[in-house]
Amino acid sequence: MSKTILVTGPDLHPNAARYVRDHGYETVHTPPYADSAVIKEYIDKTGAVGIVSRMGRIDASVLADAGSLKVISKHGVGVDNIDLQAAADRGIPVLVATGANAVSVAEHAISLLMTCVKRILPLDTSLREGRWEKPGFKGREIAGATLGLMGMGAIARATGKIAAAGLDMKIIGYDPYASDEAFAAIGASRCDSFEELLAGSDFLSLHCPLTDQTRGLLNAEAFSKMRDGAFVINTARGGLIDETALLDAVRSGKLAGAGLDSFAVEPPAADHPFWDEPRIVVTPHIGGVTAEANARVGVDAVSGIIGYLAGEQLPPQRIINRALLDSARATLSKVED
C-alpha cells in the first residue's frame, strides 16, 4: 500500500508534518485552489491513500477510478467542497476535525462583531485622512444585546460563551439537530424556528454547514424579518448568504452592517461590490487560521487518516458522511443478495 497522503493546498503545521513522518507516511501538496482535474492528476500519479482537504473541490470526477484512495480528512469542519455522496458510493469515509479550530473561529466572529458595531475601520480611515469625527458621533453599546446563533456546534458554542461571559450578551440559538444540553451549556435560549431567531437577534452569527437546504439561507425575505439595525456575522460559508440581498439590506439601512470571513466564490472578484461598502467588514476566510488552531486541526486531520488506515475505531461524529456510507453499504448488500 502507498504511504502517500495528498494535501490540497499549502504545507501542514510542523506538528502535523512530524506526525506523518513519525508514522512512516509522506505528504505531497497540490498548488493552492487547484481545480478538480489537477487534484485528480496528483492522486493518479502519487497513488495517494488519503487526502487532507484544504483548498479546491473534491468532486465525483476526482474520486472516479481513484482506486488507491481510502479516506478523506477535512482540514477543519466545512465539507461543502467535498462530494460526500460520491465518496460514500466508493466506500470512502470523510473525516472532520470537530472542534479543533472552534476557539480561533469564535474569537474571529467576536472580533468581526466588535469591529462592525464600534465602526473601527471607517473611524480609523477618517482619522488617517485628517478628519476628527468625535463631534456628533453616536456609538452603540453591546452589553445587553442579543446574539443569535444559527447552529449550535462547537464554534457556535465557543462564540456564545465568549459573548455571554465577556460581553454580557443574551444568547439565543436555532439548531433542530442539537440537544437541549448544547444550549444549556452556554445559557442559550432555544428558538423553535429560524424565523424566531431572525426576529430576536440584534446580532446574527452563522455557524451552520452549507447544504442544499441552507444555501442562500439569508436572503431578502430573511433580512426583512430581522430587527432594524441588526448586524450579520458569518464565519461559516459564504454561500449561506445571498450577497446581493445583503448589500441591499445594508445600503437601505435595514441592517447596520455585516462582518464576513467567507464568500460565495473564493477568492472573490477584484470588483466585488462589497469593497465599496464600508459598513461591511471583510476578511479572507482566515478565522481558523491561527498557529494554535492549525496545529490542532492539522494533527487531527492526519491522525484521522493514519488511524483509519491502521484499523482504529474513530468517534462516529468525526465521520461526516457516515449515514451516506451506511446507506451505500445497505444498497450494495441488497444487490449482492
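Up top is the structure these notes are about.
Residues numbered from 1 in each chain as written. Predicted model: local features only at pLDDT ≥ 70, side-chain atom pairs only at ≥ 80, totals over all residues. Heavy atoms only, no water.

Enquirer: Please give an account of the pattern of salt bridges that cites residues and values.
Expert: In total, this model carries 11 salt bridges according to the counting rule given. Salt-bridge contacts for Arg128 lead to Asp124; the nearest nitrogen and oxygen are separated by 2.7 Å. With Arg128 and Asp124 both in helix H6 (residues 120-128), this residue pair falls 4 residues apart, about one helical turn. Residue Arg128 is classed as exposed on the basis of its relative accessible area, which comes to 69%. Owing to a relative accessible area of 35%, Asp124 belongs among the partly exposed residues under this scheme. Beyond isolated ion pairs, a larger network of salt bridges with shared partners links Glu129, Arg131 and Glu133. (Salt bridge = Lys/Arg side-chain N within 4 Å of Asp/Glu carboxyl O. Helix = DSSP H or I, 4+ residues; strand = E, 2+ residues; numbered from the N terminus. Buried < 20%, exposed > 50% of the residue type's maximum accessible area, 1.4 Å probe, protein only.)

Enquirer: Quick one: what's the story with helix H2 (residues 36-46), residue by residue and with numbers?
Expert: Those residues of H2 that fall on the buried side of the exposure criterion are Ser36, Ile39, Lys40, Tyr42 and Ile43. Along the axis of H2, the buried residues cluster in a sector spanning 160°; they form a single face. Among the exposed residues of H2, those pointing more than 90 degrees away from its buried face are Ala37 and Lys45. Looking at the buried positions of H2, the neighbouring elements they touch are strand E1 (4-8), strand E2 (26-29), strand E3 (50-53) and helix H3 (60-63). Between a side-chain oxygen at the N-terminus of H2 and the backbone nitrogen of Ala37 the separation is 3.2 Å; the capping residue is Asp35. Looking one or two residues beyond H2, the residue adopting positive phi is Gly47, at roughly 65°. (Arc of directions from axis to C-beta. Contact = heavy atoms within 4.5 Å. Polar contact = N/O pair within 3.5 Å; in protein donor to acceptor, adjacent residues only side chain to side chain.)

Enquirer: I'd like a rundown of the environment of Arg318, residues and numbers included.
Expert: Within the secondary structure, Arg318 sits in the loop between helix H12 (291-309) and helix H13 (322-336). Taking relative accessible area as the criterion, Arg318 reaches 13% and is therefore assigned buried. As for Arg318 and Pro93, which are separated by 225 residues in sequence, their C-alpha atoms are 9.5 Å apart. If we skip the residues at most four places from it in the chain, Arg318 touches Ser73, Val94, Leu95, Val96, Ala97, Thr98, Asp300, Ala301, Ser303 and Gly304.

Enquirer: Tell me about the packing of aromatic side chains, and please be specific about residues and values.
Expert: Applying the stated criterion to the full structure yields 2 aromatic pairs. The interplanar angle of 15° and the centroid separation of 5.3 Å between the aromatic rings of Phe203 and Phe231 together place this pair among those described as stacked. One end of the pair, Phe203, is in strand E9 (residues 203-206); the other, Phe231, is in strand E10 (residues 230-234), and 28 residues separate them in sequence. Pairing Phe263 with Trp275 gives two aromatic rings, centres 5.9 Å apart and planes at 80°, and the pair type is edge-to-face. Here Trp275 lies in the loop between strand E11 (255-260) and strand E12 (280-282) and Phe263 lies in the loop between E11 and E12, a separation of 12 residues in the sequence. Take Phe263: its relative accessible area is 6%, and that puts it in the buried class. If you follow Lys45 out to its NZ or CZ, it ends over the ring of Tyr42, 4.1 Å from the centre. (Phe/Tyr/Trp six-rings, centres within 6.5 Å; stacked < 30°, edge-to-face > 60°. Lys NZ or Arg CZ within 6 Å of the ring centre and 35° of its normal.)

Enquirer: Tell me about the environment of Asp11, and name the residues and values.
Expert: As for its position among the elements, Asp11 is in the loop between E1 and helix H1 (14-22). Residue class for Asp11 comes out exposed when judged on its relative accessible area of 61%. Considered as a pair, Asp11 and Gly298 are 287 residues apart in the sequence and their alpha carbons are 9.8 Å apart. Look past the residues within four positions of Asp11 in its chain and what remains in contact with it is His29 and Arg54.

Enquirer: Report on the packing of H1 against H12, specifying residues and quantitative values.
Expert: One way to put it is that H1 packs onto H12 with a least axis distance of 7 Å and a crossing angle of 20°. On the basis of their axis angle, the class for H1 and H12 is roughly parallel. In this structure, the crossing between H1 and H12 has a hand that is right-handed. Facing Asn15, Ala16, Tyr19 and Val20 of H1, the residues of H12 in contact are Ala295, Gly298, Val299, Val302, Ser303 and Ile306. Residues that form the contact of H1 with H12 fall into these classes: 7 nonpolar, 3 polar and no charged. (Axes fitted to C-alpha atoms, helices over the stretch in contact; angles between N-to-C directions. Parallel < 35°, antiparallel > 145°, perpendicular 65-115°, else oblique. Left-handed = near helix turned anticlockwise from the far one by under 90°. Nonpolar A, V, L, I, M, F, W, Y, C, P; charged D, E, K, R; others polar.)

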